[in-house]
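Here is how the chains run, residue by residue.
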Amino acid sequence: MINKARILLILSSLIIVLSGCSMTPERKPIPVDLVKQAAIPGIPDARFWADEWPTFSVHKFENLTDKELREHFSAIYNTEHNYLAISGGGANGAFGAGLLAGWTEHGDRPQFTMVTGVSTGALSAPFAFLGSDYDDELKKVYTQTKTSDIAVERNLLSGMLGDSMADTTPLKKLIRKYITDDVIAAIGREYKKGRRLFVGTVNLDAGRAVIWNIGAIANSNYPEKADLIREVLRASAAIPVAFPPVLFNVKADGKTYDEMHVDGGTGSQVFVYPAAVNWKQITKKLKVKGEPKVYIIRNSFLDPDYNGVIPSVMPIASRSIDSLIRTQGVGDLYQIYALCERDGNDFNLAYIPADFTEKPKEGFDPVYMTDLYNYAYKMAVNGFPWKKGPPGFIRQ
């Protein structure tokens, strides 16, 4: 029997939505002429646009002397460089977690000069950045987490009148549990040595991707830096519509405004550094030894897969979004490859092979994630077979 009450609820909801009513809180977005001035108070280098080379960074590498560079970047000056980029992928982040642990066991995992993360990659990036001592935390996150530990579905009316279809209060608690004050302090100490941890979000107001300098925030005197870092990580995983966006208070022209940020994957599935950055100048000034190595962990399947689609709205929409994410991710890899070719970096790619055929029973299925973690771990223990180019690329 058709549930008439539910039909009435849906119709009522649509009427209210179309009439312009909303349960969302009021905002104070930045006036367009002040967007470039907006900053986190007291942390001028807390974040920067992902499509340009920030002025404060340009100044450092154009004006600092060798002595000053050695002091500011003691851990990465006159040494080899290894960069790690971790993509989005939800529960498939278990692949990257298992790979890192297996890499540790294999014995040749480097200390990364720089780590970047997007979405689920943002949640694992702090542990990858701090090193193998945090492999156990990564394993717990990606083998013991359930969907209910990430989000709670809202009822239809609340979802349609609010900012998302789910409440991520559980995710907020999970991040606080693992990203402790001690973890943040450790990140700050590594920042002082020159190592960098970056997380991507998208400023939805501006329609531009943003890169957050987590180490700079951790090393600052900003009184709410711990909460800010945790909210950046939550924002990077804030899938639009499904999860609520995160608002950040910023100052511009002496006044306080807010910015709306969502999942970094809406800008790029994975990144290393902006194409606008003169990376050769950076490596030259830092007297980097040898060829910098770029390692990309794409927590996803990249091989095309056939799946007969039911001719209904939701299956068509779901399959279309999956296809868009896959092809966008492949495009991001080609951009990174092009940057490696331009800047003299060694390209190394890992992604979930097609022969892993397990299927999750829910969004975050501990059984599925444990199987995927163990699969990647075993591959890495034996020496992970890194791909030397993006999918489908053949060097002539």
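Further up the page is the structure itself.
Cut-off values and rules
- Every chain is numbered independently, its residues counted from 1 as its sequence is written.
- Given that the model is predicted, a residue must reach a pLDDT of at least 70 before its local features are reported, and side-chain atom pairs must reach 80 or more before they are shown or counted; all residues, however, enter totals for whole chains, interfaces and linings.
- The side-chain numbers reported here are obtained from all heavy atoms of the structure, hydrogens and water having been left aside.
- For helices the rule is a DSSP run of H or I covering at least 4 residues; for strands it is a run of E covering at least 2, with both sets numbered from the N terminus onward.
- Exposed residues in this analysis have more than 50% of their type's maximum accessible area, buried residues have under 20%, and partly exposed residues fall in between, with area computed by a 1.4 Å probe over protein chains only.
- Residue contacts are counted whenever heavy atoms from the two residues lie within 4.5 Å of one another.
- Using the Shrake-Rupley algorithm and a 1.4 Å probe, accessible areas are obtained, with residue cover drawn only from the displayed protein chains.
- Only centres within 6.5 Å qualify two rings of Phe, Tyr or Trp (six-membered ring in Trp) as a pair; their planes then separate them into stacked at under 30 degrees, edge-to-face at over 60, and tilted for everything else.
- Criterion for a charge above a ring: Lys NZ or Arg CZ within 6 Å of the ring centre, and within 35 degrees of the ring normal.
- Distance and chemistry together define a polar contact, namely a pair of N or O atoms within 3.5 Å, with one atom able to donate a hydrogen and the other to accept it when in protein, and with adjacent residues in sequence counting only for side-chain atoms on both sides.

## Describing the overall build of the chain
Now for step 1: Scanning the chain from terminus to terminus reveals 14 helices and 11 strands.
Now for step 2: The buried share among the 396 residues of the chain stands at 49%.
Now for step 3: Considering only contacts in the chain between residues 6 or more positions apart, those separated by 24 or more positions represent 77%.
Now for step 4: Accessible area for the chain stands at about 19700 Å²; split by element, carbon and sulfur atoms hold 54% of it.

## A short note on unusual backbone geometry
Now for step 1: The phi dihedral of Asn78 falls on the positive side, at around 55°, and the residue is not glycine.
Now for step 2: Residue placement: Asn78 occurs in the loop between helix H3 (66-72) and strand S2 (82-86).
Now for step 3: The class for Asn78 is partly exposed, based on a relative accessible area of 39%.
Now for step 4: In this structure, Ser119 is a non-glycine residue whose phi angle is positive, near 55°.
Now for step 5: Structurally, Ser119 is set in the loop between strand S3 (114-118) and helix H5 (120-130).
Now for step 6: Owing to a relative accessible area of 9%, Ser119 belongs among the buried residues under this scheme.

## Notes on the packing of aromatic side chains
Now for step 1: One pass over the full model with this rule turns up 19 aromatic pairs.
Now for step 2: With a centroid separation of 4.9 Å and an interplanar angle of 65°, the aromatic rings of Trp103 and Tyr295 are classed as edge-to-face. Residue Trp103 is located in helix H4 (residues 93-106), and its partner Tyr295 is located in strand S10 (residues 293-301); the two are separated by 192 residues in the primary sequence.
Now for step 3: Looking at Trp103, the relative accessible area reads 7%, which means it is buried.
Now for step 4: Counting every residue linked through ring pairs, the aromatic cluster contains Phe95, Trp103, Phe112, Tyr295, Phe384 and Trp386.
Now for step 5: Over the aromatic face of Phe129 sits the side chain of Arg195, whose NZ or CZ is 4.2 Å from the ring centroid.
Now for step 6: The ring centre of Trp49 lies 4.1 Å from the NZ or CZ of Arg208, which sits over that ring.

## A closer look at the side chain of Ser220
Now for step 1: Structurally, Ser220 can be placed in the loop between helix H10 (214-218) and helix H11 (225-236).
Now for step 2: Taking relative accessible area as the criterion, Ser220 reaches 10% and is therefore assigned buried.
Now for step 3: At a separation of 2.7 Å, a polar atom in the side chain of Ser220 contacts the main-chain carbonyl oxygen of Ile217.
Now for step 4: With residues up to four places along the chain from it excluded, the contact list for Ser220 reads Ile43 and Lys225.

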